[in-house]
Amino acid sequence: MLLTAEWFNTQLVAELGLTDTRKIINIHQKPLGDGYAASTHVITLDYNKNDVRNIHSVVTKTPIMDSSILKTAQINGIYQREVEFYRVISQTRVGTNIPHCYYADFDAESGDFLLILENLSSRSPGNHHTSRPLHEIKDVVRAYGRLHHAFSSLPELRTDIFLAKPGNGKFIRRQMQQLLVPMIDKLEPYMGEGTRHRILSQLSYFEKLYEYSKQAQHSTLTHGDAHQANIMFGEKGEEPIILDWQLARFGIGMEDIARFLLLSTESEFRREHTDELVRVYADELSAIGSELTFTECQADYLPMLALQACMSLLAIGAADFTQSEEQRQTGVKLCTRLATVIDELETEATKLSIWT
């Protein structure tokens, strides 16, 4: 889709507060970067008159041009899912922890999509290398709590696109089996000679844990890829904003908390603060009217950590960490954290009836 000043003047009249006399006269597009499956650009907007109401820039999100990734993304429906997520959220105006969406469109025939979101460049993106301080992590956990509570009561989200289809667990398990060799290659430096056996041991629990998460009594829409690189942090204590809802699915809220702690904190920190952070999550839910208790959240944490360890194996098996030094460092960090979690789960598995 070709974006022009005229397109904005036609399509985003209400969203940008345009009038017959206040129009956009020019746009400037600058690449912001590519994620795994999408490209983002900053669009600067020039108006014919200055006004304090002017929104001076937005961010566009479109499919990535890599044909193999594009095909996988379309098969898995991630573009359609994120567009539908923003459509629902824009209509219901849930929460301040999600980017404001000005436009969301998906073409089922071509698989093409376009999102136009608020520009958050005044904030700092998280990354896999630098852990955030405890108070910021607590803010993230509270944000997930508020969103999970709001999502759980939105019937507009309980559509097929966000609900796990029968056989999804088996499909993901087959993907994991196909990626077993690269999983082993990447984790063996951290786990030693028994890497293959230990990975297969973790994967043997996957389908049971997956079904457990999708049939939860207290189900909610989960982010599906919770980690620091998908969060924008404010410099002055502003609420964190959570990006990239392409993998959103109904499940257990603790999935997001476990995945965030696994991928975004050092292992020693995670072990030391797990109970405290689960308490923060439960307290946030309680404060806004949820019946979910700390005991129930705590009981879900370990099985969801195991589930997210399996899902992280899939992500690591598919990832290419060889394109740059930054990617190499990301691979080292993620493999180190995942190997440590697998060590812990081997000793904890015998304690949980759901794993047997």
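Quick caveat: nothing in here was measured; it's all calculated off a predicted structure.

Visitor: In this structure, what is going on with the overall build of the protein chain? I would like to understand it.
Guide: When you go through the protein chain residue by residue, the secondary structure sums to 13 helices and 10 strands. In terms of overall dimensions, the protein chain is globule-like: its C-alpha atoms have a radius of gyration of 21 Å, near the 21 Å expected for 356 residues. Counting only C-alpha atoms and orienting by the principal axes, one finds that the protein chain spans roughly 70 × 45 × 40 Å. Out of the 356 residues in the protein chain, the part that is buried amounts to 51%. Across the protein chain, contacts joining residues at least 24 apart in sequence account for 71% of those joining residues at least 6 apart. Roughly 16,900 Å² of accessible area belongs to the protein chain as shown, and the carbon and sulfur atoms make up 51% of that amount. Treating the 35 positive side-chain charges of the protein chain as one cloud and the 47 negative ones as another, the clouds have centres 1 Å apart.

Visitor: Please explain the packing of helix α6 (residues 168-178) against helix α12 (residues 294-318) as it appears in this structure.
Guide: When two helices pack together, their arrangement is captured by the angle between the axes and the distance separating the axes. Running from N to C, α6 and α12 cross one another at 50°; their axes reach a closest spacing of 9 Å. The angle between the axes of α6 and α12 places the two elements in the oblique class. Crossing geometry of α6 relative to α12 is assigned as left-handed. Each of Ile-172, Gln-175 and Met-176 in α6 lies in contact with α12, whose residues at this interface are Cys-310, Met-311 and Leu-314.

Visitor: What is the right way to read the side chain of Ser-219 from this model?
Guide: Relative to the helices and strands, Ser-219 resides in strand β7 (residues 219-222). Excluding residues that lie within four positions of it along the chain, Ser-219 makes contacts with Ser-152, Arg-158, Phe-250 and Gly-251.

Visitor: Any chance you could explain the nonpolar core here in plain terms?
Guide: Burial of nonpolar side chains together is a common tendency in soluble globular proteins. In terms of nonpolar packing, the biggest core is built from 90 residues, with Phe-85, Tyr-86, Phe-151, Ile-199, Trp-245 and Met-254 touching the most fellow members. The biggest single contributor to this core is α12, with 13 residues. Aside from chain neighbours lying at most four places away, what touches Tyr-86 is Ile-98, Pro-99, Cys-101, Ala-104, Leu-115, Leu-117, Asp-244 and Trp-245. Core analysis: the next-biggest nonpolar cluster, separate from the first, contains 17 residues, Ile-27, Ile-43, Tyr-47 and Ile-116 among them.

Visitor: When you look at the sheet that holds strand β3 (residues 57-63) in this model, what are you seeing that I'm missing?
Guide: The strands that make up a sheet are held in pairs by hydrogen bonds between backbone atoms, and each pair lies either parallel or antiparallel. Strands sit in the order β1-β2-β3-β5-β4 across an open sheet of 5 strands; the sheet is antiparallel. Two strands lie at the open edges of the sheet, namely β1 (24-34) and β4 (101-106), each paired on one side alone. Ignoring which end each strand starts from, the neighbouring axes of this sheet average 20° apart. Here strand β2 (residues 38-47) runs beside β3; their pairing, made up of 7 bridges, is antiparallel.

Visitor: In this structure, what is going on with the packing of aromatic side chains? I would like to understand it.
Guide: Enumeration according to the criterion identifies 8 aromatic pairs in this entry. With a centroid separation of 5.5 Å and 35° between ring planes, the pair formed by Phe-206 and Tyr-210 is classed as tilted. One end of the pair, Phe-206, and the other, Tyr-210, are both in helix α9 (residues 206-214), 4 residues apart, so they sit about a helical turn from each other. Of the two residues, Phe-206 and Tyr-210, neither departs from the other in class, the shared state being buried. By way of ring pairs, the aromatic residues Phe-85, Tyr-86, Phe-151 and Trp-245 are connected into one cluster. Here the basic side chain of Arg-132 rests over the ring of Phe-233, its NZ or CZ set 4.0 Å away from the ring centre.

Visitor: Honestly, the sheet that holds strand β6 (residues 124-125) in this entry has me stumped. Any pointers?
Guide: As summarised here, the arrangement of the 3 strands in space is β6-β8-β9, forming an open sheet in which the pairing is antiparallel. In the strand order of this sheet, the two ends are held by β6 and β9 (241-242), each with one partner. When strand β8 (residues 231-233) meets β9, the two strands line up antiparallel, connected through 2 bridges. Counted as the bridge partner of Ile-231 is Ile-242 from β9. Its contacts with the sheet put helix α5 (residues 134-152) on β8 and β9, and the angle it makes with β8 is roughly 125°.

Visitor: In this structure, what is going on with the pairing of β2? I would like to understand it.
Guide: Sheet faces and side chains relate simply in a regular strand, where the side chains alternate between the two faces. With 8 of 10 residues buried, β2 lies mostly within the body of the structure. The pairing of β1 with β2 spans 9 bridges and is antiparallel. Each residue of the ladder has a partner; that of Pro-31, found in β2, is His-41. In this structure, the hairpin formed by β1 and β2 is closed by a connection of 3 residues.

Here is what the cut-offs are and how they apply
- Residues numbered from 1 in each chain as written.
- Predicted model: local features only at pLDDT ≥ 70, side-chain atom pairs only at ≥ 80, totals over all residues.
- Heavy atoms only, no water.
- Helix = DSSP H or I, 4+ residues; strand = E, 2+ residues; numbered from the N terminus.
- Rg over C-alpha atoms; globule rule 2.2 N^0.38 Å.
- Buried < 20%, exposed > 50% of the residue type's maximum accessible area, 1.4 Å probe, protein only.
- Contact = heavy atoms within 4.5 Å.
- Areas by Shrake-Rupley, 256 points an atom, 1.4 Å probe, with all protein chains shown as cover.
- Lys, Arg positive; Asp, Glu negative; His and termini not counted.
- Charge placed at Lys NZ, Arg CZ, Asp CG, Glu CD.
- Axes fitted to C-alpha atoms, helices over the stretch in contact; angles between N-to-C directions.
- Parallel < 35°, antiparallel > 145°, perpendicular 65-115°, else oblique.
- Left-handed = near helix turned anticlockwise from the far one by under 90°.
- Core = buried A, V, L, I, M, F, W, Y, C linked by side-chain atoms within 4.5 Å.
- Pairing = 2+ DSSP bridges.
- Phe/Tyr/Trp six-rings, centres within 6.5 Å; stacked < 30°, edge-to-face > 60°.
- Lys NZ or Arg CZ within 6 Å of the ring centre and 35° of its normal.

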